[in-house]
Amino acid sequence: MTAAVRPQMGYLHDTLEELKSQHLHFHLPVLSREQKAVTVVDGREAINLSSNNYLGLAAHPKLRRAAIDATRKFGAGTAAVRTIAGTMTIHLELEQQIARFKQTEAAVVFQSGFTANAGTVAAVLGKDDLIVSDELNHASIIDGCRLSKATIKIFRHRDVEDCERILKETENWAGRKLLITDGVFSMDGDIAPLPQLCDLAEKYNCIMMVDDAHSSGVLGRGGRGTIDHFHCHGRVDIQVGTLSKAIGSMGGYVCGSRDLVEFLYQRARPFLFSTSHPPSVIGACQAALTMLEAPEGERLVKKLWANTKFFKRGLKRLGFDTGASETPITPIMVGDAAKAFEFSRALFEEGVFAQAIGYPTVPQGKARLRTIVTAAHKRKDLNTALETIGRVGHAMGIAAE
Ligand SMILES: *Cc1c(COP(=O)(O)O)cnc(C)c1O
């Protein structure tokens, strides 16, 4: 028997009802199989265009095997935070591997990309400092900025001139300054103007920080990220990445100087106050990075881009608006949230799983389907997906025929 709702909690129910009436209430789709290019969602087999499993590593045999091997050797959990008793040899090995991959002096692993961003920004800056941030930066950056208590100034999305306007206005700022951007933006799939932002960081003496969650495993040689893609090595002080997307497992990391990493060991609150990764996760991440460092990784990244180009061309040919996307994240713009959710539902009925995204994840009136193809998608699946999206979308009047 469940307890009756206490009156002080009633507002939660009211808010949920309001979200439902505005079509802003999302249902959690449930997978009953592995995270793969074709999977079973809510009991229905579907071509999966909704994951961040860029290289198809989430269910890869090598990662599974490594996770099991690490569990056999080191157990199921660490039962301690990193600074007390939760650092095992494999945690340090993974950090060294990440630093080598990213060509930085050092790296530190966090529980997630979210905690890596939030913990790092809040640790590195304080109330007398200034943060200059792209308006579409990830929620974890926004939360980190708020936690730091620094002054936050937002520049228009990817707008280098607007960014410089802010930096000019604050030229005599007494505290430290941080310029921060996503490398690839998670909802639009466009790429930050990194070389120009690095120029500004140098000109105005800012710490430069990039969140490469969606570019690691995707852009640059063997998926080394936007810094490698733009040849900006040595110009970005703090590089964040995730182990939860292309790497196929879970976690986040920060790369940079040895001092930065040592400082985060001392000050980053998620590192200090939350338990470290279980061995299985570390083992899987090590296996994934080993693949990325080998020719096999280069091949997977190439396949990802070949599939991406094929799929984008197909959508354009069908007349869909894919926004400013330059990466595997390909939005299909709809505008109206109710219509986007209806489109997504109709596609799902036809065996294509492409999630609709609405406010507050994207601005009001910019609802869309967010699609991501992976290296693991077969051409036949992409052709079926395109045919279905075209037929259903055109019937709903979403693209010009
Ligand atoms: C997904 C994402 C994160 C968070 O990474 P997790 O490992 O899933 O916590 C951080 N930044 C950006 C830009 C992201 O897209």
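Throughout, residues of each chain are indexed from 1 in the direction in which the sequence is written. Where local features are concerned, this predicted model is filtered to residues with pLDDT of at least 70; where side-chain atom pairs are given and counted, the filter is 80 or more; whole-chain, interface and lining totals use all residues. Side-chain metrics in this entry use all non-hydrogen atoms of the structure; hydrogen atoms and water are not considered.

## Quick look at the site of the ligand
Line of reasoning, step 1. For the ligand, the set of nearby residues contains 15 residues, the closest of which are Gly113, Asp211, Thr242, Ser244 and Lys245.
Line of reasoning, step 2. Pairs of N or O atoms within 3.5 Å make up the polar contacts considered here, provided that, within protein, one atom can donate a hydrogen while the other can accept it, and that residues adjacent in sequence are counted only when both atoms are side-chain atoms. At 3.4 Å, a side-chain N or O of His138 approaches a nitrogen atom of the ligand.
Line of reasoning, step 3. Within the side chain of Asp211, one N or O atom sits 2.5 Å away from a nitrogen atom of the ligand.
Line of reasoning, step 4. Computed on the free molecule, the ligand has an accessible area of 380 Å², of which 87% lies beneath the protein chains in the complex.
Line of reasoning, step 5. Among the elements that line the shell around the ligand, the one with the most residues is helix H4 (residues 113-124), at 3 residues.
Line of reasoning, step 6. Amino acids outside the nonpolar list (Ala, Val, Leu, Ile, Met, Phe, Trp, Tyr, Cys, Pro) and the charged list (Asp, Glu, Lys, Arg) are all regarded as polar, and Gly is one of them. Residue composition of the shell around the ligand, grouped by class: 2 nonpolar, 10 polar and 3 charged. Throughout, near means a residue has at least one heavy atom within 4 Å of the molecule or strand. To be clear on the numbers: accessible area is Shrake-Rupley with a 1.4 Å probe, and residue cover counts the displayed protein chains and nothing else. Helix and strand definitions follow DSSP, with helices as H or I runs of at least four residues and strands as E runs of at least two, each counted in order from the N terminus.

## Regarding the sheet that holds strand S6 (residues 177-182)
Line of reasoning, step 1. Here, strands pair whenever DSSP counts at least two bridges between them. The 7 strands lie next to each other as S3-S9-S8-S7-S6-S4-S5, forming an open sheet whose pairing is mixed. If you trace the sheet from one side to the other, it starts and ends with strand S3 (106-110) and strand S5 (151-155), each paired once. If you compare each strand with its neighbour and ignore which way they point, the axes differ by 20 degrees on average.
Line of reasoning, step 2. In this structure, S3 lies alongside strand S9 (residues 252-256), joined through 5 bridges in antiparallel fashion. The residue bridging Phe110 from the neighbouring strand is Gly252, located in S9.
Line of reasoning, step 3. The contact definition used throughout considers only heavy atoms, calling two residues in contact when any of these lie within 4.5 Å. In this description, a line fitted to the C-alpha atoms serves as the axis of each element, helices being fitted only across the stretch in contact, and the angle between N-to-C directions of two axes falls anywhere from 0 to 180 degrees. Contacts from helix H6 (residues 160-169) reach strand S4 (130-134), S5 and S6, with the element oriented near 150 degrees to S5.

## Considerations on the nonpolar core
General note: in soluble globular proteins, nonpolar side chains tend to be found buried as a group.
Line of reasoning, step 1. Definition of nonpolar core: a set of buried residues of the types Ala, Val, Leu, Ile, Met, Phe, Trp, Tyr and Cys, connected through side-chain atoms within 4.5 Å. Categorising residues by exposure relies on relative accessible area from a 1.4 Å probe, with only protein chains included: less than 20% of the type maximum marks a residue as buried, more than 50% marks it as exposed, and the intermediate range marks it as partly exposed. In this structure, Tyr54, Leu55, Leu63, Leu94, Ile98, Leu243 and Ile247 are the most contacted members of the largest nonpolar core, which totals 38 residues.
Line of reasoning, step 2. Residue assignment for this core shows that the elements contributing at least two residues are helix H2 (61-74), helix H3 (89-102), S3, S9, helix H11 (279-293) and helix H12 (295-317).
Line of reasoning, step 3. In terms of residues, this core owes the most to one element, H11, which gives 9 residues.
Line of reasoning, step 4. Among all residues touching Ile247, those that are not within four sequence positions of it are Leu57, Leu63, Thr242, Cys285, Ala288, Leu289 and Leu292.
Line of reasoning, step 5. Ranked by size, the runner-up nonpolar core spans 26 residues in total, among them Ala337, Ala346, Val352 and Val392.

## Some words on the state of the cysteines
Line of reasoning, step 1. The disulfide definition used here is simple: a pair of cysteine sulfur atoms within 2.5 Å. According to the stated counting rule, one finds 0 disulfides in the structure shown.
Line of reasoning, step 2. Distance from the sulfur of Cys285, which forms no disulfide, to the nearest cysteine sulfur (Cys255) is 13 Å.

## What about the sheet that holds strand S10 (residues 329-335)?
Hydrogen bonds along the backbone pair up the strands of a sheet, which may run parallel or antiparallel.
Line of reasoning, step 1. Taking strand neighbours across the sheet as the criterion, the 3 strands line up as S10-S13-S12 in an open arrangement whose pairing is antiparallel. A single partner strand is all that each edge strand has here, and the edge strands are S10 and strand S12 (356-357).
Line of reasoning, step 2. Against the sheet, helix H13 (residues 337-349) engages S10, S12 and strand S13 (367-372), with an angle of about 40 degrees to S13.

## Examining the domain arrangement of the protein
Line of reasoning, step 1. By the assigned domains, the protein splits into domain 1 (19-48 + 297-395) and domain 2 (61-293).
Line of reasoning, step 2. For the domain 1 and domain 2 pair, buried surface summed over both sides reaches about 1,500 Å², with 58% attributable to carbon and sulfur atoms.
Line of reasoning, step 3. For domain 1, the biggest contributors to the area lost against domain 2 are Val301, Glu326 and Ile329; these three give 28% of the whole.
Line of reasoning, step 4. Should a side-chain nitrogen of Lys or Arg be within 4 Å of a carboxyl oxygen of Asp or Glu, the pair is scored as a salt bridge. Joining domain 1 to domain 2, the criterion identifies 3 salt bridges. How far each domain reaches was decided by an automatic or database domain assignment. The buried area of a pairing is the accessible area, by a 1.4 Å probe, that goes missing from both parts when the two are put together, added over both.

## Quick notes on the side chain of Asp134
Line of reasoning, step 1. As for its placement among the helices and strands, Asp134 is situated in strand S4.
Line of reasoning, step 2. Of note is the side chain of Asp134, whose polar atom sits 2.7 Å from the backbone nitrogen of Arg158.
Line of reasoning, step 3. If sequence neighbours within four positions are ignored, Asp134 has contacts with Ile154, Phe155, Arg156, His157, Arg158, Ile180, Thr181 and Phe185.

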